[in-house]
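Single-letter residue listing:
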Amino acid sequence: MERKERQPYHRRLVGLGVAVVLIFLILGFNLWRLQIAKATYYAGLAAGNVMKNVTTPAVRGEIVDRNNVVLARSIPKFALVLDWTDLQKVNQDWKNVVGKLAEYIKPYWPNANQSVELITEDIFVMIRNQQWKSYRPVVIMEDVPSQLQAVIAEHSNELPGVSIEPIPMRVYTQNTTLGQVLGYVREISENEIEQFNQQAEAKGDTYRYAQGDSVGKMGVEKSYDAWLRGNHGIDSVGIDSNARPVDRVTLQEAQPGNTIKLTIDSELQKVVEQKLDEVVKNISLVHPDAQAGAAIVIDVKTGKILAMASRPFMNPNELIGVISDETAQRYFSSEDAASFNRALTGLYPPGSTFKMITAMSALQAGVITPEDSFYDSVSILGPQGIEEWGGNNFGSVNLYRGLAKSSNIYFQVVGRRVFEKQPELIRQIAHEFGLGVATGIDIPGEGTGIAPSPQWKKDYYKPTYDKRREDQLKAIDQKYSELLANTADEKQKQNLQKQKNNEIARVEADYKEKTQFYVDWRLFDSYNNSIGQGYNSYSLIQMANYVATIVNGGKHYKPYLVDKIINPVTGEVVKENQPELINQVSVSKENLEIVKKAMSGVTSGEGTANWLFSDVPQFSGGGKTGTAQIGSKGTSKGESYNGMFVAFAPYDDPQIAFAGVVEYGGHGGDTAGLVAKAAFIKYFGWK
Amino acid sequence: MAKKSDRKFLQGFDFGMILALALLLGASLLILSTASINVLKSDPYHYVKSQTIWIITGIIMAVVVAAIDYEHWRKLNWWIYGFNILLLLLVFFVGSSAKGAQRWIPITSTQSIQPSEFAKILLIITFANFLSDRRGKLNEIKDFILPLLFVMPPTLLIFLQPDLGTALVFGAIFVGMMFVAGANPIKFGGIIVGTIATTITAIYLHIATNLPWPLKYLQGLPLPLKDYQINRLIVFIDPSRDTSGDGYHVMQSVWAIGSGGLWGKGYQHGTQGQYNILPEHHTDFIFSVVGEEFGFIGTSILLFIFCILLLRMLNVAMKSRDNFGTLIVAGVVSMMAFHIFVNVGMASGIMPVTGIPLPFITSGGSSMWANMLAVGLVMSVGLRGDRPMF
């Protein structure tokens, strides 16, 4: 070809070349705009697309006894989890995916006879129940067996949004041992959030509770939740278009919760529980009502609780996960509800175990000396006096013999003297020993009880009768002002006025009578309260601590259950509870010694529990039986008694104190006393 | 045809072009090894393996075509034209459909070819022959009619498959070759601009609502386009109108490219592609993976190599011994430039979604073979042309 002819072609080719370069410049400029100028903007968009932050659950701390025996721990279990929001995003037919999932899990479903359709329906219900917190995946199955894990992994392509995730589960390794004290863990309810946030704040924790958190619902799990909980970690997870996590970066490591070391000795606890169970079972053959009881062992020098048992026992494992109606009934609504901690929340009339308070008050008030004795006859009490148990007559009684024989008449006499001389003294002394005041123990739910006195009785009941009188008078006034207004006749008016005055007089008489009986302190009240009946009611933990305070030289300590809080990673002690002296009692050392000596007479010589330790020669110490009169179940006949027993050992330099009760158990020594004996033998290692 | 010595023969061998091509083929395997790794779980390198086969067979095809003097095709001109029409008709009878379009002819149970890819090459050859003796005869508007009638039958058949993207490629080939063949720039350019303007107006009228009088009588103007094609155009105009279909794809593609930044997220470390957020990331949207994982550096280098390839091809066209050869190369350059522009433009959000592949990079046998055949033709022209000018 001649160059001349082709020249215009060349120009056009150059033109095409320019167009090509132009195209590349346009593309290049646009890429510069996206990748250089707005790179950060798009990086953010792309990151938000695939990375989402998920919280990783912290492993809840262990609860161990004083010898590091594990009572509660969290172990990872594999749960089948469905992230249904992601599932819906990627799959239009997400309901079919659920159907397919149901098919695979059918052989492993707890209810074996359920059809695939019903399982599918169940899963839909689970999803629906969780809709209000839809950002969280739904747990379809806890504790997935390994065969099912393999099946799910194999079919993962058909099951978008379905994954097997390790989630920590609470396990109470000793089952019923210490159940009510440990408590249990469940999902936080909306009205608890504030309460738990306050707990965290008090600890100086920035953590704030939210829906979906698991928290302690009672016992140590509840009161130490902020320590046990640990802190959630945060993972940034890359999600592919099948909603399956493909990449995971830990932004914040989950912090395991602290280990809580209790003051409890789980071996001692077991012995106490076993014995309590045995005793209640035996006594229930005689008294069918006898089903419940409680016992406490406390270290007298510190207030550390060594054992705290309450029958019927509670197995916290049964309160994790799905609870059947039967279980719920047994634990929460039956008459002898097993979740009720009788050693902590139950309030019992102390019966004769109260007599040491009466004795110490009398000694302090100077109305007797320990040796002052008189003849044991109900006649010296007058008509309101209460007879000896079983109509006994113990002859000549002083303080020692009176306590050893549990003489009602002796303590009524001295109690009357105290009430006459210093009406408020018995209540004051009782309070000094912690009776009728909250102990401040470090688990929730303790009962407070009542230590009565004339002033207390007046404060407690007078407002009721005053109000009643006032209302009645007001009604009369209203009634007659209307009648008088409608009557013109002078004579009739006078009649009405007379009638009105009569009615007022009747109300006043009634008020006076009621006041004398229910508001004013009567001699009968003095007698009744001196022997631990009447208005007296105390928690078992108060009873144990009261005995401890008598024998430790009058130091009233705050009882507590948690010894140390330990960082599980470093082993460092984060917090240590120290014995806390609440007050030194006003009772003199000499008088404390006298009562202590008198208590030793109960478990020896002619004492009411002299037989109890007869086969344990190592025993030295003391106790007091109580057979507190209560209404029998369903009736108010005065034939039923709670068996109450308190004790300490050894006599010289006492170490531990005991308080126990068997509801409807009759005599305290025969029932709770046996539990005390078993506890002492175990604690001191006697054979 | 005069015989040349071997040494002289190889002088027509454009090493720059071959080097650029080799780099692109290497890049293709590298890019596919990250872009397609999560597509087939059973065999992460399935697409790399098959692409390797396409490349090797493609090179053989290119060498064979390069060895044959392109002058031979001139003699077979009408046979080729007829074969082209037949091939495109065949799709309607034995074709299998994908995404609402009949584009594929099955070869074996698992393999099929896409005749429209080859139709482009056949059109270039026949149209180059058609235009080669029309030098100086394309000055009047009426002169444009015959060339238009020439390309119309195959283009219409493609359009009816329907494959709007490839039909537009035919349009680009037509425009590019007409321009190089000497069409009066003002008159031809005017018609092209007018056609584009009319098309856009028609689409606007088709989708518009609430137009004022008297335009409202033209509202909903019927168009010979399928719903999904119209939807793609709507989405291009306003991506927010559809976030799950094409608009979503384009949005995710732009995010992928933009998030790559200067250096990219690294080989196999992109999230959009690797997490499957980005659809078709080993085919139509493969450029997004380049942008995401290799950054602006990667996209610039890739586009630079493409640019060099096309400019070297234009150099071949310059030294072609005849108009036929020049026009063949011009057709190939127009075709590839349009492919690159539309594909990269689509991935970076400045072009509507048309689903046409990125030459040499996108996974696929038909596309690879067609492009290698095109390269073979360009080499054939080069080997028989004048000594290199540059």
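Note that the structure is a prediction, hence the values are computed from the model and not measured. (Residues numbered from 1 in each chain as written. Chains lettered and ligands numbered in written order. Predicted model: local features only at pLDDT ≥ 70, side-chain atom pairs only at ≥ 80, totals over all residues. Heavy atoms only, no water.)

Details of the overall build of chain A
And then number 1: Summing up its helical and strand segments, chain A has 22 helices and 23 strands in all.
And then number 2: Computed over its C-alpha atoms, the radius of gyration of chain A comes to 37 Å, more than 25% above the 26 Å expected for a compact globule of 687 residues.
And then number 3: Along the first, second and third principal axes, the C-alpha set of chain A runs to 155 × 95 × 50 Å.
And then number 4: Across the 687 residues that make up chain A, the buried fraction comes to 52%.
And then number 5: The contacts of chain A with a sequence gap of at least 6 include a subset with a gap of at least 24, amounting to 73%. (Helix = DSSP H or I, 4+ residues; strand = E, 2+ residues; numbered from the N terminus. Rg over C-alpha atoms; globule rule 2.2 N^0.38 Å. Buried < 20%, exposed > 50% of the residue type's maximum accessible area, 1.4 Å probe, protein only. Contact = heavy atoms within 4.5 Å.)

A few points about the pattern of salt bridges
Any two side chains of opposite charge can pair, given that their charged atoms come close.
And then number 1: Considering all chains together, one arrives at 41 salt bridges over all chains under this definition.
And then number 2: Here K304 of chain A makes a salt bridge to D563 of chain A, at a shortest N to O gap of 3.7 Å. Of this pair, K304 of chain A sits in the loop between β11 (293-299) and β12 (305-311) while D563 of chain A is found in strand β18 (residues 562-566), placing the two residues 259 residues apart along the sequence. No difference in accessibility class separates K304 of chain A from D563 of chain A, as the two residues are buried.
And then number 3: Its salt-bridge partner being R74 of chain B, residue E71 of chain B comes within 2.9 Å of it at the nearest N-O pair. Here E71 of chain B and its partner R74 of chain B are both found in helix α4 (residues 71-75), three residues apart, which amounts to about one turn of the helix.
And then number 4: Connected through shared salt-bridge partners, D69, E71, R74, R321, D322 and R384 of chain B make up one network. (Salt bridge = Lys/Arg side-chain N within 4 Å of Asp/Glu carboxyl O.)

Re helix α14 (residues 365-383) of chain B
And then number 1: For α14 of chain B, with 19 residues, the first-to-last C-alpha span of 26 Å sits near the 27 Å given by 1.5 Å per residue.
And then number 2: With 18 of 19 residues buried, α14 of chain B is to be regarded as a mostly interior element. (Expected span 1.5 Å × (residues − 1).)

What to know about the packing of aromatic side chains
And then number 1: The tally for this structure, following the rule as stated, stands at 36 aromatic pairs over all chains.
And then number 2: Judged by centre distance (6.1 Å) and plane angle (85°), the ring pair of W456 of chain A and Y461 of chain A falls under edge-to-face.
And then number 3: Through pairs of rings, three or more aromatic residues link up here, namely W78, Y81, F127, F130, F144, F150, F174 and F188 of chain B.
And then number 4: The ring of W227 of chain A has K203 of chain A sitting right over it, with the charged end atom 4.6 Å from the ring centre.
And then number 5: A cation sits over an aromatic face here: R229 of chain A above Y207 of chain A, 3.9 Å from the ring centre. (Phe/Tyr/Trp six-rings, centres within 6.5 Å; stacked < 30°, edge-to-face > 60°. Lys NZ or Arg CZ within 6 Å of the ring centre and 35° of its normal.)

Quick word on the interface of chain B and chain A
And then number 1: Taken together, the contacts link 54 residues of chain B with 40 residues of chain A.
And then number 2: Buried area between chain B and chain A, summed over both chains or domains, comes out near 4000 Å², and the portion from carbon and sulfur atoms is 70%.
And then number 3: When the buried area of chain B at its contact with chain A is split by residue, W255, Y275 and M318 of chain B rank highest and sum to 18% of it.
And then number 4: The interface formed by chain B and chain A holds zero salt bridges in total.
And then number 5: At the boundary of chain B and chain A, one finds eight residue pairs in polar contact (both at pLDDT 80 or more).
And then number 6: Listed by contribution, the elements that provide at least two residues to the side of chain B that touches chain A are α6 (115-132), α8 (164-181), α11 (246-260), α12 (286-318) and α13 (323-347) of chain B.
And then number 7: Along the lines of polarity and charge, the residues of the side of chain B that touches chain A split into 31 nonpolar, 18 polar and five charged. (Buried area = accessible area lost by both parts, 1.4 Å probe. Polar contact = N/O pair within 3.5 Å; in protein donor to acceptor, adjacent residues only side chain to side chain. Nonpolar A, V, L, I, M, F, W, Y, C, P; charged D, E, K, R; others polar.)

Section: the pairing of strand β10 (residues 259-262) of chain A
All names here are of chain A.
And then number 1: Burial along β10 is two-sided: the face carrying T259 and K261 and the face carrying I260 and L262 are both buried.
And then number 2: Alignment of strand β2 (residues 63-64) against β10, held across two bridges, turns out to be parallel. By the bridge assignment for β10, V64 is matched with K261. (Pairing = 2+ DSSP bridges.)

A few points about the nonpolar core
And then number 1: Core analysis: the biggest nonpolar cluster contains 122 residues, and I260, L262, M308, I357, M360, F433 and Y546 of chain A have the highest contact counts within it.
And then number 2: The element that contributes the greatest number of residues to this core is helix α20 (residues 540-551) of chain A, accounting for nine residues.
And then number 3: Membership of the second largest hydrophobic core comes to 115 residues, among which are I31, V289, L314 and L373 of chain B. (Core = buried A, V, L, I, M, F, W, Y, C linked by side-chain atoms within 4.5 Å.)

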